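Structural features, examined
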Amino acid sequence: MAAFCLSCTEKEPKKEVNEIKTIVADSAMVVSAREEASRIGLDIMKKGGNAFDAMVATEMALAVCYPFAGNLGGGGFMVYRTHDGQTGALDYREMAPSLASKTMYLDKEGVPDPQLSRLGSLAIGVPGTVAGMFKVHEKFGSLPMAELLQPSIDLARTGFVVTSKQADMLNTLQSTFLQVNKDSILYSRTFQSGDTHRNSALANTLERISKHGRSEFYNGTTAEILVEFISKNGGIISLQDLKAYEAVWRAPIEVSYKDLNVISMSPPSSGGIVLGQILIMLEDYELESLGHNSSKYIQLLAEAERRAYADRSFYLGDPDFVDIPRDSLLSKKYLKHRMQEFSFETATPSKDIEHGDIQGYNESKETTHYSIVDQFGNAIAATTTLNGAYGSKLYSNELGIFLNNEMDDFSAKPGFPNMFGLIGAEANAIEPGKRMLSSMTPSIVEKEGEFWMSLGSPGGSTIITSVLQTILNVYEFDMSMQEAVNAPRFHHQWLPDEITFEPRGFDSDLLDSLRARNYKVIQQESKILGKVDAILKLPNGKLQGGADYRGDDTALGF
């Protein structure tokens, strides 16, 4: 039986924290997973484009040079704040195809088969990225779409330099690529750091989209090639599924924390609600006096996270399909009651924690985030994904793209975990046309009514806690943006009942003190939690970047 890498976790980076210099800019900044993408986005703003133009250019560049998560074959979310304080959110999350069914991943005994939802053609949700970029451009774009796409077309043709991290991951996945595609693909070779990698097929695809617009991907030659390719490999996405896809503007989640206003993504992302719940549960505590990453600080955050993730598992899903009690979930009275049993003396076992009782209610890891602020005062936070590393691993040589495995983010069966260990309920069951629940948490933070921070992270279920800790690092512990991003992180998500720690920054005495209070401590040598890319506005009006040292992430500004 072939061995598959279902959710390849990136290794702890070799780069030292102190190698990352704090980047400060006067007017505009892009922070993304690759220097090439950050530079392309920044160049667009140097030409007079705004943050939304730069978003399109950056997203498409990531599809070229960071195919691990950057994509045309996936989807994502964006939260924005304009220069005059208007806020909003865009949902370009993938959807279940019309032939999808609640039981499509169950074997004859009714047990979910994780390979079906994570590898190959049946794992693919209807992609939303291209629709999302055109939706953004239609509402906010100031430069022609062809001008925004051309740098990525050129990058695909001339090639990008493969980093050591990319080479390691691609080499690890060679057997999986072969098993899923049953033939060689563009990425079927041994990679070395410093190689130049070209993708002429992707350049051709982007050129057709540049010439013919959004309809090329959803109703044109590209759509026909895509549907035929998926069908040939046993998938169920139809041309009608592509034609029916729409990116959707949504009202973001806004939560007050002391004198901050946190603006984050609304369902079908769980990010905004879960982040908001945790912040509200923490608000009455003096975090600074507990000490950064102290035993009591870790306990408090873990217990708040435990309760919020329990609510996530039961209540959250696609708001177009299920009634989500967002006001009740974010009620201070409700959340104060949720923390009533918390004690610094001992852990609250997750088996004793269920979702909260709300009156009248009847009912991924390998993403990439980028943050952009322009010279006009507009800010965006965008997170895009294929879900697993290189998504479903199914690759179209003709189009030059990997396709997502987002269907695994549905609950294949209530009570069974997905690849990130998240437990789902009926609210996130598979239905045709439904968007799968996500943990992506692109966020913008206002301080005293003014723009203060843009941030987000990849990391599946760890995204929310990575964003949470980064905000607290700056606000409560007065760290710079780069220090806040670099700081060691930990994570709890209700089930499994354990606190996961990064391998550096937590000494054995600290971990032993938590074990003594009945916490299960996991510290994995290769585990990293999130890769936060963030921008902080300083009191003097300049912009300070935070590019996560855990990846090849880069902050550039002018």
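Residues numbered from 1 in each chain as written. Predicted model: local features only at pLDDT ≥ 70, side-chain atom pairs only at ≥ 80, totals over all residues. Heavy atoms only, no water.

The name given to the chain in an unreviewed UniProt entry is Glutathione hydrolase proenzyme, with the source organism recorded as Psychroflexus aurantiacus. According to the UniProt record, the Pathway (unreviewed entry) comment for the chain is "Sulfur metabolism; glutathione metabolism." (UniProt positions renumbered as here; feature names shortened; annotations may be inferred.)

Turning our eyes to something else, we now look at the overall build of the chain. Each helix and strand in the chain was counted, giving 19 helices and 21 strands. At 22 Å, the chain has a C-alpha radius of gyration in line with the 24 Å of a compact globule built from 558 residues. Dimensions along the principal axes, computed over C-alpha positions, put the chain at roughly 60 × 60 × 45 Å. Looking at the chain residue by residue over its 558 residues, the buried ones come to 64%. Just so you have it, the chain exposes about 19500 Å², and 47% of that area is on carbon and sulfur atoms. (Helix = DSSP H or I, 4+ residues; strand = E, 2+ residues; numbered from the N terminus. Rg over C-alpha atoms; globule rule 2.2 N^0.38 Å. Buried < 20%, exposed > 50% of the residue type's maximum accessible area, 1.4 Å probe, protein only. Areas by Shrake-Rupley, 256 points an atom, 1.4 Å probe, with all protein chains shown as cover.)

A separate point is the environment of Glu-283. The topology assignment puts Glu-283 in the loop between α12 (271-282) and α13 (287-290). Sequence-wise, Glu-283 and Ser-256 are 27 residues apart; in three dimensions their C-alpha atoms are separated by 9.3 Å.

This next bit is on the UniProt feature "binding site: L-glutamate" (unreviewed entry) in the chain. As annotated by UniProt and renumbered to match this structure, "binding site: L-glutamate" (unreviewed entry) occupies Arg-93, Thr-385, Leu-386, Asn-387, Asp-409, Ser-438, Ser-439 and Gly-460. Tracing the chain through its elements places Arg-93 in the loop between β4 (87-92) and α3 (114-118). In contact with Arg-93, other than residues within four places in its own chain, are Gly-76, Phe-77, Tyr-245, Pro-268, Thr-385, Glu-406, Asp-409, Arg-435, Met-436, Leu-437, Ser-438 and Met-440. Polar side-chain contacts of Arg-93 include one of 2.6 Å to the side chain of Asp-409. Mapped onto the elements, Thr-385 comes out in strand β11 (residues 379-385). Accessibility expressed as a relative area gives 1% for Thr-385, which makes it buried. (Contact = heavy atoms within 4.5 Å. Polar contact = N/O pair within 3.5 Å; in protein donor to acceptor, adjacent residues only side chain to side chain.)

Attention shifts here to helix α4 (residues 129-140). The end-to-end C-alpha distance of α4 is 16 Å, a good match for the 16 Å that 12 residues give at a rise of 1.5 Å each. Among the 12 residues that make up α4, 9 are buried, leaving the element largely enclosed by the rest of the structure. Buried within α4 we find Thr-129, Val-130, Ala-131, Gly-132, Met-133, Phe-134, Val-136, His-137 and Phe-140. (Expected span 1.5 Å × (residues − 1).)

Let us now look at the domain arrangement of the chain. Per the domain assignment, the segments making up the chain are domain 1 (23-249 + 368-430) and domain 2 (253-363 + 441-538). For domain 1 versus domain 2, the distance between C-alpha centres works out to 26 Å. Between the two partners, domain 1 and domain 2, sit 1 salt bridge. A salt bridge links Glu-446 to Arg-81; its shortest N-O distance comes to 2.6 Å. Residue assignment for the side of domain 1 that touches domain 2 shows that the elements contributing at least two residues are β2 (29-32), β3 (75-81), β4, β10 (367-373) and β11. Partitioned by chemical class, the residues of the side of domain 1 that touches domain 2 number 22 nonpolar, 9 polar and 3 charged. (Domains from an automatic or database assignment. Salt bridge = Lys/Arg side-chain N within 4 Å of Asp/Glu carboxyl O. Nonpolar A, V, L, I, M, F, W, Y, C, P; charged D, E, K, R; others polar.)

Time to look at the packing of helix α14 (residues 295-315) against helix α19 (residues 508-515). Axis angle and axis distance: for two packed helices, these are the angle between their axes and the distance between the axes, and together they describe the pair. For the pair α14 and α19, the least separation of the axes is 10 Å and the interaxial angle reads 50 degrees. It follows that α14 is oblique to α19 by the angle criterion. In this structure, α14 crosses over α19, and the sense of that crossing is right-handed. Along the contact surface, α14 presents Ser-295, Ile-298 and Gln-299, while α19 presents Leu-510, Ser-513 and Leu-514. When its residues are assigned to classes, the contact of α14 with α19 shows 3 nonpolar, 3 polar and no charged. (Axes fitted to C-alpha atoms, helices over the stretch in contact; angles between N-to-C directions. Parallel < 35°, antiparallel > 145°, perpendicular 65-115°, else oblique. Left-handed = near helix turned anticlockwise from the far one by under 90°.)

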